[in-house]
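So the chains spell out like this:
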Amino acid sequence: MPNRSWEVGFHLRSPRNWLNDPNGLCQFEGTYYFFYQYDHDWPTVDQKAWGLFSSPDLLHWTYQGVPLQPSIAEDRHGVFSGSAFVERGAGDDGRDQLRLYYTGNVVAPVAGHSPKDFDYVYAGREQNTITCVAERDPETGALAMGARQVLLRNTDYPQDCSCHVRDPKVWEQDGKRRMLLGARHMDTHGMCLLYESDDGLDWHFSHTIYSDYAFGFVWECPNIVQLDGRDYLAISPQGLPRLQDRWFNRWTPGYFELPEGQRLLDTEVIDERTFVQWDFGHDFYAPQTFVDDAGRTILVGWMGTFDDHYSSVPDGLDWWHCMTVPRVLTRRSDGRLLQNPVPELEALRGTATCFDNGGARIGGRLADIVLPHLEGEGSLTLDDSFQVFYEGGRLGLRYLDERGSAGRQDRSIPLDELRDLRVLVDGSAVEVYANGGAEVFASRWFCPEKDDLTLACSFSAAGSAYPMQNTMVEMYETAAAKAPDLELPGWNETVPH
Ligand code: FRU
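Residues numbered from 1 in each chain as written. Predicted model: local features only at pLDDT ≥ 70, side-chain atom pairs only at ≥ 80, totals over all residues. Heavy atoms only, no water.

**Some thoughts on the nonpolar core**
Looking at soluble globular proteins, one finds that nonpolar side chains tend to be buried together.
Stage number 1. Ranked by size, the top nonpolar core spans 97 residues in total, and within it Phe34, Ile369, Leu395 and Leu421 carry the most contacts.
Stage number 2. Here this core spans two domains, since at least three of its residues come from each of domain 1 (4-342) and domain 2 (350-467).
Stage number 3. If sequence neighbours within four positions are ignored, Ile369 has contacts with Phe355, Leu380, Leu382, Leu421, Arg422, Val423, Val425, Leu455, Ser464 and Ala465. (Core = buried A, V, L, I, M, F, W, Y, C linked by side-chain atoms within 4.5 Å. Buried < 20%, exposed > 50% of the residue type's maximum accessible area, 1.4 Å probe, protein only. Domains from an automatic or database assignment. Contact = heavy atoms within 4.5 Å.)

**Considerations on unusual backbone geometry**
Across residues other than glycine, the phi torsion is negative in most instances, and most of the peptide bonds are trans.
Stage number 1. Positive phi outside glycine occurs at Asp174, with the angle close to 55 degrees.
Stage number 2. Along the chain, Asp174 turns up in the loop between strand E10 (161-173) and strand E11 (176-185).
Stage number 3. Judged by relative accessible area, which is 53%, Asp174 ranks as exposed.
Stage number 4. The backbone phi angle of Asp384 is positive, close to 50 degrees, even though this residue is not glycine. (Helix = DSSP H or I, 4+ residues; strand = E, 2+ residues; numbered from the N terminus.)

**Details of the pattern of salt bridges**
Pairs can form between side chains of opposite charge once their charged atoms are near each other.
Stage number 1. The full count for this structure, using the stated rule, is 31 salt bridges.
Stage number 2. Here Glu257 ties to Arg230 by a salt bridge, and the two come within 3.6 Å at their closest N and O atoms. Remark: Arg230 occurs in strand E15 (residues 230-238) and Glu257 occurs in strand E16 (residues 254-257); sequence separation between them is 27 residues. Take Glu257 and Arg230: they sit in the same class, and that class is buried.
Stage number 3. For Arg422, the salt bridge is made with Asp368, and the minimal N-O distance between the two is 2.8 Å. With Arg422 in strand E32 (residues 421-426) and Asp368 in strand E27 (residues 366-371), this residue pair connects regions lying 54 residues apart in the sequence. The residues Arg422 and Asp368 share a single accessibility class, namely buried.
Stage number 4. When salt bridges that share partners are traced, they join Arg4, Glu449 and Asp451 into one network. (Salt bridge = Lys/Arg side-chain N within 4 Å of Asp/Glu carboxyl O.)

**Quick look at the packing of aromatic side chains**
Stage number 1. Taken as a whole and judged by the stated rule, the model has 28 aromatic pairs.
Stage number 2. The interplanar angle of 85 degrees and the centroid separation of 6.0 Å between the aromatic rings of Phe217 and Trp251 together place this pair among those described as edge-to-face. Of this pair, Phe217 sits in the loop between strand E13 (203-211) and strand E14 (218-227) while Trp251 sits in the loop between E15 and E16, placing them 34 residues apart in sequence.
Stage number 3. The structure contains a cluster of three or more aromatic residues connected by ring pairs, namely Phe215, Trp219, Trp247, Phe256 and Phe275.
Stage number 4. Against the face of Tyr466 rests Arg349, its NZ or CZ located 4.2 Å from the ring centre.
Stage number 5. When the ring centre of Phe389 is taken as origin, the NZ or CZ atom of Arg398, which lies over that ring, is 3.9 Å away. (Phe/Tyr/Trp six-rings, centres within 6.5 Å; stacked < 30°, edge-to-face > 60°. Lys NZ or Arg CZ within 6 Å of the ring centre and 35° of its normal.)

**Focus on the layout of surface pockets**
Stage number 1. Space inside the second largest pocket adds up to approximately 540 Å³.
Stage number 2. Lining the second largest pocket are 21 residues, and of these Phe85, Val170, Trp171, Phe290 and Val291 lie nearest its centre.
Stage number 3. Contributions of two or more residues to the lining of the second largest pocket are made by strand E1 (17-28), strand E5 (79-87), E10, E14 and strand E19 (285-291).
Stage number 4. For the lining of the second largest pocket, the leading source of residues is E10, giving four residues. (1 Å grid on protein atoms, 1.4 Å probe; cavity = no way out; pocket = protein on both sides within 12 Å on 5 of 7 lines; lining within 4 Å. Points joined across faces, edges and corners; volume = space filled by probe spheres on them.)

**Remarks on the site of the ligand**
Stage number 1. Taken together, Asn20, Asp21, Gln37, Lys48, Phe80, Ser81, Arg166, Asp167, Glu220, Tyr285 and Trp302 make up the full set of residues near the ligand.
Stage number 2. The separation between an oxygen atom of the ligand and a polar side-chain atom of Asn20 is 3.0 Å.
Stage number 3. Ser81 places a main-chain nitrogen or oxygen 3.1 Å from an oxygen atom of the ligand.
Stage number 4. Surface burial for the ligand is 95%, taken as the share of its 320 Å² of free accessible area covered by protein chains.
Stage number 5. When grouped by side-chain class, the residues that make up the shell around the ligand number three nonpolar, three polar and five charged. (Near = heavy atom within 4 Å. Polar contact = N/O pair within 3.5 Å; in protein donor to acceptor, adjacent residues only side chain to side chain. Areas by Shrake-Rupley, 256 points an atom, 1.4 Å probe, with all protein chains shown as cover. Nonpolar A, V, L, I, M, F, W, Y, C, P; charged D, E, K, R; others polar.)

What follows is the structure, encoded as structure tokens:
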């Protein structure tokens, strides 16, 4: 039996089965839509589709099934990651139209060859850029997918690209649609491709964006962030070395701030030394950003990882991974991007338990713990099992109980001063925000099975711990019953990753 204390109550997870990247994040006609990479039979089949949640307020969510599934030859081995773009006034009666852009993955496409004939990096794979319109049902908010249109194939990408070209991110700038694609160069280094279009359908290659020195072997899931007049390129690179103070995970996403006055549209070469890691936790990859109707830039990450040595489903959970809570991005004067949970989440707080250097017990397993004024060293320990510490000039996470880590190792980063701390505990999902959101850790903690959460604080400072309302439990129960067992053409083929 899975441990019921691991259940999440304000994080999004797939009702059943596998979740990876957030996709198509947007606010359309007032409703938030969060798609995600869904796999009904990981790792046996590995054929991705897009699952969907919608919400009026980022707190209460409706599961909308798996509306974007492989359906044409060009996406038959997976609807891979991509983004949403709202075309203003392009719909019926001049209404806005929601357009999705994604990568159609196809492996071993050459008839008559055995799957073993290919390496799927330099041959044997198609990654097609595809679009479709998502029609919104005004009553239920559900989205129905229109006809797929293939926009770009591997033969359209520059010749120095390997077969790995994917994860379109579309936005508008200077009256044109712009598209970033993540890619792997034939020489095995990561890069992005930039395209432009007048109508979102007919795309023209502009240029390649790459780093001075090779920085990982592929760049996935590119995003552009534009804040306070500055441009940032965010990427999920694979292949960075593990170092003592950073890049601890197998794959490490982050961003580059471009120099003042320099636009991404005009940038070809990036100084890879300016790379800043988004999150230092064990479970964070492939984040996506979007701008909501209030003009906020919001980031959501995949709170999970693959190919790493630790587990995300110990003891028979029937769901893998979750998303981080939505994080608002703001720019600090030195260019660092601060990440903080959307303020909406504070509406889920119950009555605070205040604690000083000492202990506290919170009813339930969901908590928002805030230590607003810190000085000096100390730690915050959860259930004698998991610890956030600041010691010897390092901020880090420590697993005190081997079962709770499921193979994760303690880790820490150098930090001159710890001024404040906020820790979201949601069953087995923990997010730590320090110094106003400048340092962030998202990690899973497979906590002991207990009704309540016990805190022990050794910082000499006052804190407040709020129990959090569970807004997901009913949705997950009904959604799990509805989650489809997908039967698709080619679905049962075993395909190489
Ligand atoms: C990132 C990624 C993307 C790809 C997707 C497939 O985690 O590898 O590049 O589109 O996952 O699920």
